[in-house]
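One letter stands for each residue in the lines below.
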Amino acid sequence: MHTRLCYKPSSVCNGISASTQIIIDPSQSRSALLNIPYLLPCVCVQVYYTHTDATRNTKCPFKNENLTDVRDVWLTSNVTLYESSLHLVLKCLASTLKISASLCWKQHEQLCTPVLNSTLKEKEKGLTLIYNTSAVDKHPQMCVQFSLQGTHNISCPFKADMSSWEVYIGPGKQSVYVYITSSAPATFSAQLCVLNERGCTPTAQVHTVRSEGNTNEKTRLNVPLHFTTERPCVQVWQSDPVRHGTRILCPDYKHYKCGIYAVAVLTFVVFVAFLAIFIHRHTKNGAAGWLYIQKPVLLVCSSEQSAHVSAVCALASILQGELSATVHMALWALSSQRQATGVADLGPLPWFHGQWEAIRKAQGKVLIIWSPEAKKTYEKWKKERANMGKNVTKIEDHSKGNIREGVEEDSKLNGRSLAKCKKGKKDCVKLCDDEDLYTHNEPSTVIAPVFTAALACLEGVLQEGKDQGVALVYFQCLGHSRDIPKTFRGVPRYCLPQDFRGLIQELGGKTRQTKTGEFRWRCWPRLLSKVLSVWLARQLAHRLQTLLPQMQGKKMQGRLCHIVSENDVRKDTVQAQVSSGS
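Every chain is numbered independently, its residues counted from 1 as its sequence is written. Where totals are concerned, whole chains, interfaces and linings use all residues; where local detail is concerned, this predicted model gives features only for residues with pLDDT of at least 70, and gives and counts side-chain atom pairs only at 80 or more. Side-chain measures here rest on the full set of heavy atoms in the structure, leaving out hydrogens and waters.

Below, the discussion takes up the overall build of the protein. Per the secondary structure count, the protein includes 13 helices and 30 strands. Two residues qualify as a contact provided that any one of their heavy atoms is within 4.5 Å of a heavy atom in the partner residue. Long-range contacts, defined as pairs at least 24 residues apart, comprise 66% of the intrachain contacts of the protein with a sequence gap of at least 6. Residue burial considers only the protein chains on display, and all accessible areas are found by Shrake-Rupley using a 1.4 Å probe. As displayed, the protein offers around 34000 Å² of accessible surface, 51% of which is attributable to carbon and sulfur atoms. In DSSP terms, a helix is any run of H or I states spanning at least four residues, a strand is any run of E spanning at least two, and both are numbered starting from the N terminus.

Turning our eyes to something else, we now look at the pairing of strand β25 (residues 365-369). Accessible area is worked out with a 1.4 Å probe on protein chains only. A residue is then buried under 20% of its type maximum, exposed over 50%, and partly exposed in between. Taking burial as the measure, the five residues of β25 include five buried ones, the bulk of the element. Because side chains alternate across β25, one face comprises the buried residues K365, L367 and I369, and the other comprises V366 and I368, equally buried. Two strands qualify as a pair provided DSSP detects at least 2 bridges between them. The pairing of β25 with strand β26 (residues 470-475) spans four bridges and is classified as parallel. Among the inter-strand pairings, I369 is bridged to a residue of β26, identified as V473.

The next subject is the environment of Q107. By the secondary structure assignment, Q107 is in strand β8 (residues 100-108). Apart from the residues within four sequence positions on either side, Q107 is in contact with T113, Q141, L195, I248 and C250. Polar contact criterion, stated in full: a pair of N or O atoms within 3.5 Å, where within protein one must be able to donate a hydrogen and the other to accept it, and residues adjacent in sequence count only if both atoms are side-chain atoms. Here T113 takes part through its side chain, which lies 3.0 Å from a polar atom of the side chain of Q107.

Quick look at the sheet that holds β26 now. The parallel open sheet is built from five strands, whose spatial order is β24-β23-β25-β26-β27. The open sheet has two edge strands, β24 (327-329) and β27 (493-496), and neither has a second partner. For this sheet, the mean angle separating the axes of adjacent strands, direction not counted, is 25°. Taken together, the four bridges between β26 and β27 define a ladder with parallel strand orientation. Note on β27: the bridge partner recorded for F475 is L496. Where helix α3 (residues 306-321) meets the sheet, its contacts fall on β23 (297-300), β24, β25, β26 and β27, and the angle it forms with β24 comes to roughly 160°. Each axis is a line fitted through C-alpha atoms, and for a helix only the stretch in contact is used; angles between axes span 0 to 180 degrees, taken between their N-to-C directions.

Any two cysteine sulfur atoms within 2.5 Å of one another count as a disulfide. Summed over the entire model, instances satisfying the criterion amount to seven disulfides. Paired through a disulfide, C104 and C112 show a sulfur-sulfur distance of 2.0 Å. Disulfide C104-C112: the torsion about the S-S bond is 90°, which places it as right-handed. Residue C104 shares its accessibility class with C112, and that shared class is buried. Take C301: it sits in no disulfide, and the sulfur closest to it among the cysteines is that of C313, at 6.5 Å. The class for C301 is buried, based on a relative accessible area of 6%.

Right, let's talk about the pairing of strand β18 (residues 207-211) for a bit. Residues H207, V209 and S211 line the buried face of β18, whereas the alternating positions T208 and R210 sit on a face that is not buried. Examined bridge by bridge, strand β16 (residues 186-196) and β18 share five bridges and lie antiparallel to one another. Bridge assignment links S189 to a residue of β18, and that residue is T208.

Averaged over every residue, the pLDDT of the protein is 76; residues scoring 70 or more account for 72%. Under a pLDDT of 50 for its full length, residues 514-521 has, in the predicted model, six contacts with residues more than four places off or in other chains. A low-confidence stretch, residues 551-582 (pLDDT under 50), is modelled with 71 contacts involving residues beyond four sequence positions or located in other chains. Note on scores: pLDDT gives the predictor's confidence for each residue, bounded by 0 and 100.

An expected span of 1.5 Å times one less than the residue number is assigned to each helix. Here helix α6 (residues 348-361) spans 20 Å end to end across 14 residues, near enough to the 20 Å set by a 1.5 Å rise per residue. Considered for burial, the residues of α6 that qualify are P348, W351, F352, Q355, W356 and I359. Looking down the long axis of α6, one finds its buried residues gathered within 135° of arc, a one-sided arrangement. Across from the buried face of α6, at angles greater than 90 degrees, the exposed residues are E357 and K361. Following α6 by one or two positions, Q363 has its phi on the positive side, about 60°. Throughout, the arc means that of the directions going from the helix axis to the C-beta atoms.

This next bit is on the sheet that holds strand β6 (residues 78-81). On the basis of which strands lie adjacent, the open sheet formed by four strands has the order β6-β7-β11-β10 and antiparallel pairing. Since the sheet does not close on itself, it has two edges, and those belong to β6 and β10 (122-125), each with one partner. Taking each pair of neighbouring strands and ignoring which way they run, the sheet shows an average axis angle of 20°. With five bridges connecting them, strand β7 (residues 85-89) and strand β11 (residues 128-132) associate as antiparallel partners. Bridging from a neighbouring strand, S85 pairs with N132 of β11.

Only centres within 6.5 Å qualify two rings of Phe, Tyr or Trp (six-membered ring in Trp) as a pair; their planes then separate them into stacked at under 30 degrees, edge-to-face at over 60, and tilted for everything else. Considering all chains together, one arrives at nine aromatic pairs under this definition. Centroid distance W370 to F488: 5.9 Å. Interplanar angle 75°. Geometry classified as edge-to-face. In this pair, W370 is assigned in the loop between β25 and α7 (372-390) and F488 in the loop between β26 and β27, connecting sequence segments 118 residues apart. What makes F488 buried here is its relative accessible area of 0%. Two limits define a charge over a ring: the Lys NZ or Arg CZ must be within 6 Å of the ring centre, and within 35 degrees of the ring normal. Across from the ring centre of Y48, 4.1 Å away, lies the NZ or CZ of R56, which sits over that ring. Across from the ring centre of W165, 3.6 Å away, lies the NZ or CZ of R247, which sits over that ring.

Attention now moves to α3. Here α3 spans 22 Å end to end across 16 residues, near enough to the 22 Å set by a 1.5 Å rise per residue. Taken across its 16 residues, α3 has 14 buried, putting it largely inside the fold.

Let's shift gears to the side chain of Q145. The topology assignment puts Q145 in strand β12 (residues 142-148). By relative accessible area, Q145 is classed as buried at 9%. Discounting chain neighbours no more than four positions away, the residues touching Q145 are S100, A101, S102, C104, C112, H152, N153 and I154.

The next subject is unusual backbone geometry. In this chain, D240 is followed by P241 through a cis amide linkage whose omega measures -10°. The step from L496 to P497 runs through a cis peptide bond, and the omega angle for that step is 5°. Structurally, P497 can be placed in the loop between β27 and α12 (500-506). Phi at Q149 is positive, roughly 50°, even though this residue is not glycine. Inspection of the secondary structure assignment puts Q149 in the loop between β12 and β13 (151-155).

Quick look at the structure:
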């Protein structure tokens, strides 16, 4: 006996080319194994004897069964395009499959957006379904989507030379421009729509334009955009004469978004550039144009180390030159050149007490610049004062002659000290020159007595509980907060240049006003004063960076010091080599 597979769409069962005829020998086996390539409703099995014209028995086991895999229908079908129709040839009768066809716009390989209301009329002719395409827009991206039991098969049969018009879009001012070229006179329509699973849903009114059919000229259609959260596309179609199918064009929002970011970045860069120019114009000649210190300042050195003195001179130069502050300092010899009230003329102690009273009367500030040597000096000074209290009775028992001799001896010592300072008056003038580094190696007759006098005055105001008017300052890399005795715990302290902005506030730094007494912009003075404070702190850090390595590099190489500028804007690290002392 013979057995085979065949397709039986009607009364005739056509053999399957992929299936071979199998011979069954009943004496050996009464069964055979048949491989079915495509599981369709019209697949049948024929069994018949081997002699000629034998009766064939046909069984169709899947005739009344639902399709298990619809893809077999598409794999066994064939699509053919004719001038005005599209033929879908099947293996089984079309009436048993219920296939529908509609148009879709293929945007890319994996997406074909359905065109709303574009179902094609069909006509059944045996195993062939015929669809009328005479009024279809025959663009290469206009495809036919066949549907069966929720699955789809897409076929794009149209060629590039079949379309009579072309369209593309471009950006406009709050709109989208649609550019159309047509080889024949026609009317075209465009409409905004939003993509979804069912297609492109219209969201605005229809805009129409007429093209006269000149391929050399472009017809432009303006489609206004509406401010919505969704990203609209534009669907364009030929409305007269009517062509079924709409072309869906979507702007490249990724590039558009990148363009927005680029414009935002460019705007920010331009703003920062103008702000930098504005700040530079107000800071290139110093900060005195906006930020200034009105009340006087007295600076007191605590060490004879060259690095310490140079740093104090740098601070004094910035306070006076950039902030227009009236700065007094024992080493500042400028006053002694102009009038007879300098240290060299009056002596260290009278000069200091006079400045102390004047500063406190003007409600200014006394800045004691602390150092590791200051701690030793303070401990020695405390010890001497304690011993002095024990020896008070012994001093009172001295004879008048001894007192006279002591006074004469003190007068001689003081005379020699003043004479030494007057003799070296020119040296004193250059002692704290901002342009020259302090390289004085001999013991100073000014720094030690002025510092001890400042300690006595500070201790006095602390005991009286009055408004101190005193602040302690130490330079990073030249000192530490632990060097300051606990006795002065309540005194404000600042580490420079890190706390320079806070020091300016302590000194009563103000922002200049306009002629009308009101700020031109309320936010600008605060912003600019903050920027200027940071800028001055960096100026001080730069000066310390250049001064300290030159002063200390010859003594000790290898110790690395970090000078940190203001942290409110950004953290900059400045490295300098210094030594801890000679």
